[in-house]
Amino acid sequence: ELFGDATTHHLDRPRKQHEKCLDAEQFLMFAQLSAHARFASARLLRSSSVSALTATTTASSSSVLPRSAAPLHSQLFSPVAHRAAPFSVSASTLAFNSSALHTNWLSCSLKCEQPDDHRLQQQTQRCISTGRPGTTYHFQKSMPRLPIPELDDSLSKYMRAVSPLLSPEELERTQAAVEAFRTGEGPALHAELKARDAADPENSFINPFWDDMYLESRVPLPINVNPFLQFTSEERPAMQDMCKRAANFLHASALFRIALKNESLEPDVFHVGEVTNTSWFKTLITFIPEAIAYYPAYLLKGYPLDMCQYPRLFGTTRLPHESRDIVQTAPDSRHVVVALGGRFYRMDIVNADDSAVSFVDLEAQLRGLLKAHEAGQLQAGDANVGLFTTLERTRWSQLRKQLEECSAQNRSSLESIDSALFTLCLDAEAEPTGHASAAHTFLHSDGRNRWFDKSFSAVVTRNGKAALNFEHSWGDGVSVLRFANEVYDEMLSTEVWADVTAEQVEASPLPQALPFELDASLRTEVESAERSFEKLCKSLCFEVMSFEDFGKDVIKGFKISPDGLVQMAMQLAYHRLYHRLASTYESASTAGFRKGRTECIRPVSPAVVELIKAFGNPTATNEERQAALRTAVDSHSANSLEAKIGKGMDRHLYALLCIAKQKNPDQLPSLFADPAWTLLNHNILSTSTLVSPAIEGGGFGPVVEDGYGVGYGVVDDGMRFAISSYKDADETHRYAEEIREALRDIRTVLEGLCGWAGDPLDPVKSINEQRKTVSSLKRE
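Residues numbered from 1 in each chain as written. Predicted model: local features only at pLDDT ≥ 70, side-chain atom pairs only at ≥ 80, totals over all residues. Heavy atoms only, no water.

Looking at the protein as a whole, its pLDDT mean stands at 83, while 79% of the residues score no less than 70. Counting contacts from residues 125-132, a segment whose pLDDT is below 50, to residues more than four positions away or on other chains yields 15 contacts. This stretch, residues 753-780, has a pLDDT under 50; its non-local contacts, to residues over four places away or in other chains, come to 33 contacts. (pLDDT = per-residue confidence, 0-100. Contact = heavy atoms within 4.5 Å.)

Take a look at the structure:
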């Protein structure tokens, strides 16, 4: 009765397959949380079906909650401040503005029932049409803070991670150093970290140190810092055209930018249960006060993710400085910078009325620009200035000052590039066909048609391949992947529009040129930058290995973690090739916490040592090998979970190191002076996994000269590895093939213990046949 037609609309309509209505317990729990001050106490009781249930729980409302949630429930129902509308709170009662809520609820719920196509347009329209405040950052105020682990826990995990890499003598020395730190400087540094964290409640303990780590680094951005994500290829022939795909991307990006600026973009939530991913929940949650909005979602198995990085997704540039770069954002920007032939052009993609420029107008401008470029009509100013962004950061800061002092035109062009939403790089001469050639194009190219300082650059090649190359200091993969997913969905749902005519191209204004004027000294520096970057790129080897024998479906049939299995395969492969273990880094997101960044999962553990012994021992039984495998994978899964929930050790100890350096840079505590610390942080294998229908591939450079950068993804019917190194191509290829063989050996071990009586899984069988095979084995 309170919500009128809106409630009836949601409860009586046929349910979609992915939706689930609340049962009585869930409804009561959610009603009390959303009420928080019993806003529906009078009217809700008129509904006999609810009042009977409510009467049974009024005396002890905690009883409807899961046992673990009862303490939280008792905290939530203490008086808090609320937003004034659509309801207001006094000390004793809650005056409810039912008319305001009913109007907003009804208008929003009807909007939510539109088809899923063009979701970004819906999100923007919903905010504008109803006049409601945006909800993009609705969960931010109630996000939990990133916890600081206990010192003893971190030191124990450190020893577990580093011990497999040490000889007995080195291990004894490291144990002594750790114990000296535990009883010496460690507790004081830990106490200071906690004090600093308590004094800055809107931040996370790692964020200031992580910003410094990125911005104080002097290494060139391409390969070392900037990764790439390649969009899944377009299957529609018309959309494989460079200008058409670029226009489609620009339009979808404009819609995302508008939704983000209006704060009508849906909050980022990791949905484990079904309830929080329904349209009615997404509407209802907007009426929960921001101070507690996180908790109802959490209790219903929806985990909001931190969105503090999103304001820096657009209009952001990392500016080079002498010793520490700065990140600068232009919040009201409406233009992008198009890079073509080593020159730059300014082009609006958002109109003054906050609407997106049309597909046709965008395509017409791009085609006009490409036509003029190919006719040799775009020769104003000097080209290839983007090569400066490939340099070591201090050197680039010096050259940028010279560039600014050289002319007012240079300062104006730099300002337009710095304030642009992002750069669109049209690689008119590039037509990568294989995965490896695409990786080289999107990770670094030749540097002439790039501006690596931007928050991200979209790269589109002549044959319609597209990717994002993003600078890493401002944010992490979670926000970039959300953007990529939304934009890809929007591009895919866009119907192919008619090609623009020659008349439309002629009538369309060309994007504004952003010329640079270089003196002889700066021209020499451009040539020098080109030579040094060419040398760096030639030293990088990229191997892309597709593994199609089996994938996630088969792995899950054996009841083992796919990620853990792949990590163990990489450990086996490296040991077989080099006869030693290597310090390994796997990235984990801590976006479940306010201003969380990443944590490190350490795949190498004592259990991995036993795994390698078992697989290398010709007399070991299949049962012994599988037991060792499962123990190692279980250990890895436990480490992964701890890292994601803020109980990892790497970031904690790194923060203590930073404080120690601030206090006395000339004398480090025993833990950090010990060679084992340097050994563990010399990450030979730097790994990261990412899977999305929007992403066809991705990669990054190795973080040490003698290491590998391994980006990998496990899908239902296979896996893909993008492996980079500064080693020769043959050695990198051998490592890739060792991973392939290790995966096959692991499969053989898993099949053997299951009583496999026939041939191994045939890689040419369909995935449905593989599922039937595994199901049959499980029954046996």
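Our next topic: the sheet that holds strand E17 (residues 685-689). Across the sheet, six strands lie side by side as E14-E20-E19-E17-E15-E16; this open sheet has mixed pairing. Two strands in the sheet have a free side with no partner beyond their single neighbour: strand E14 (541-547) and strand E16 (598-601). Here the average twist between neighbouring strands, direction ignored, is 25°. Lying over the sheet, helix H18 (residues 435-443) contacts E14 and strand E20 (718-725), oriented at roughly 135° with respect to E14. (Pairing = 2+ DSSP bridges. Helix = DSSP H or I, 4+ residues; strand = E, 2+ residues; numbered from the N terminus. Axes fitted to C-alpha atoms, helices over the stretch in contact; angles between N-to-C directions.)

One non-glycine residue, asparagine 384, lies in the positive phi region at around 70°. Tracing the backbone through its elements, the reader meets asparagine 384 in the loop between helix H15 (359-374) and helix H16 (393-406). A positive phi angle, close to 60°, is found at histidine 579, a residue other than glycine. Relative to the assigned elements, histidine 579 resides in the loop between helix H23 (562-578) and strand E15 (584-589). Residue classification places histidine 579 among the exposed positions, given a relative accessible area of 64%. (Buried < 20%, exposed > 50% of the residue type's maximum accessible area, 1.4 Å probe, protein only.)

The next subject is the pairing of strand E19 (residues 708-715). The element E19 is extensively covered by neighbouring structure, given that seven of its eight residues are classed as buried. Judged from the five bridges that link them, E17 and E19 form a sheet pairing that is parallel. In the strand pairing of E19, serine 688 is matched with glycine 711. Note that E19 and E20 share eight bridges and pair antiparallel. Bridge pairing in E20 places valine 715 opposite glycine 718.

Moving on, we get to the packing of aromatic side chains. Within the structure shown, the criterion is met by 34 aromatic pairs. Considering the side-chain rings of phenylalanine 672 and tryptophan 677, the 4.9 Å spacing of their centres and the 80° angle between planes classify their relative orientation as edge-to-face. In textbook terms, an aromatic cluster arises when at least three aromatic residues are bridged by ring pairs, as seen for Phe231, Phe249, Phe256, Phe314, Phe422, Phe456 and Phe483. (Phe/Tyr/Trp six-rings, centres within 6.5 Å; stacked < 30°, edge-to-face > 60°.)

The end-to-end C-alpha distance of H16, which contains 14 residues, comes to 20 Å, matching closely the 20 Å that a straight helix rising 1.5 Å per residue would cover. Among the residues of H16, Arg393, Thr394, Trp396, Ser397, Leu399, Arg400 and Leu403 are the ones counted as buried. In this structure, the buried side of H16 is in contact with strand E6 (316-319), helix H17 (408-419) and helix H21 (520-539). The opening residue of H16, the one whose side-chain oxygen lies 3.3 Å from the backbone nitrogen of threonine 394, is glutamate 392. (Expected span 1.5 Å × (residues − 1). Polar contact = N/O pair within 3.5 Å; in protein donor to acceptor, adjacent residues only side chain to side chain.)

Take the packing of helix H9 (residues 168-183) against helix H10 (residues 185-199) next. Interhelical geometry of H9 versus H10 gives an angle of 55° and a closest axis separation of 3 Å. In terms of orientation, H9 lies oblique with respect to H10. Only Glu185, Gly186, Pro187 and Leu189 of H10 make contact with H9, whose side of the interface consists of Ala180, Phe181 and Arg182. In the contact of H9 with H10, the residues fall into four nonpolar, one polar and two charged. (Parallel < 35°, antiparallel > 145°, perpendicular 65-115°, else oblique. Nonpolar A, V, L, I, M, F, W, Y, C, P; charged D, E, K, R; others polar.)

A general tendency of soluble globular proteins is for nonpolar side chains to be buried together. In terms of nonpolar packing, the biggest core is built from 116 residues, with Tyr158, Phe721 and Tyr735 touching the most fellow members. Broken down by element, this core gets its largest block of residues, 10 residues, from H23. Apart from the residues within four sequence positions on either side, tyrosine 735 is in contact with Met570, Ala573, Tyr574, Leu577, Leu685, Tyr708, Val710 and Ile723. Formed by 56 residues, the second largest nonpolar core is a distinct cluster that contains Ala247, Leu366, Leu378 and Ile695. (Core = buried A, V, L, I, M, F, W, Y, C linked by side-chain atoms within 4.5 Å.)

This part is about the side chain of serine 333. With respect to the helices and strands, serine 333 occurs in the loop between strand E7 (326-329) and strand E8 (335-340). According to the relative accessible area criterion, serine 333 is buried, its value standing at 10%. Of the polar contacts made by the side chain of serine 333, one reaches the backbone oxygen of serine 419; its length is 2.7 Å. Sequence-distant contacts of serine 333, that is, excluding residues within four places in its chain, are made with Arg257, Ser419, Ala420 and Leu421.

This part takes up the pattern of salt bridges. What the rule picks out here adds up to 47 salt bridges. Residues arginine 196 and glutamate 192 are paired through a salt bridge, measuring 3.0 Å at the closest nitrogen-oxygen approach. Here the residue arginine 196 and the residue glutamate 192 both occupy positions in helix H10, the gap between them amounting to four residues, near one helical turn. You can call arginine 196 partly exposed: its relative accessible area is 33%. Under the relative-accessibility criterion, glutamate 192 is labelled partly exposed at 23%. The partner of arginine 367 in a salt bridge is aspartate 241, with the nearest N and O atoms 2.6 Å apart. Note that arginine 367 is positioned in helix H15 and aspartate 241 in the loop between strand E3 (228-231) and helix H12 (242-261), a separation of 126 residues in sequence. Sharing partners across several salt bridges, the network here consists of Arg218, Arg318, Asp325, Arg393, Asp453 and Glu471. (Salt bridge = Lys/Arg side-chain N within 4 Å of Asp/Glu carboxyl O.)

Let us look at the sheet that holds strand E12 (residues 466-470). Pairing is mixed across the open sheet formed by eight strands, whose spatial order is E13-E9-E8-E10-E11-E12-E3-E18. Each edge of the open sheet is held by one strand with a lone partner, namely strand E13 (512-513) and strand E18 (695-699). Note: E3 against E18, four bridges, orientation antiparallel. Pairing of glutamine 230 across the sheet is with glycine 697, part of E18.

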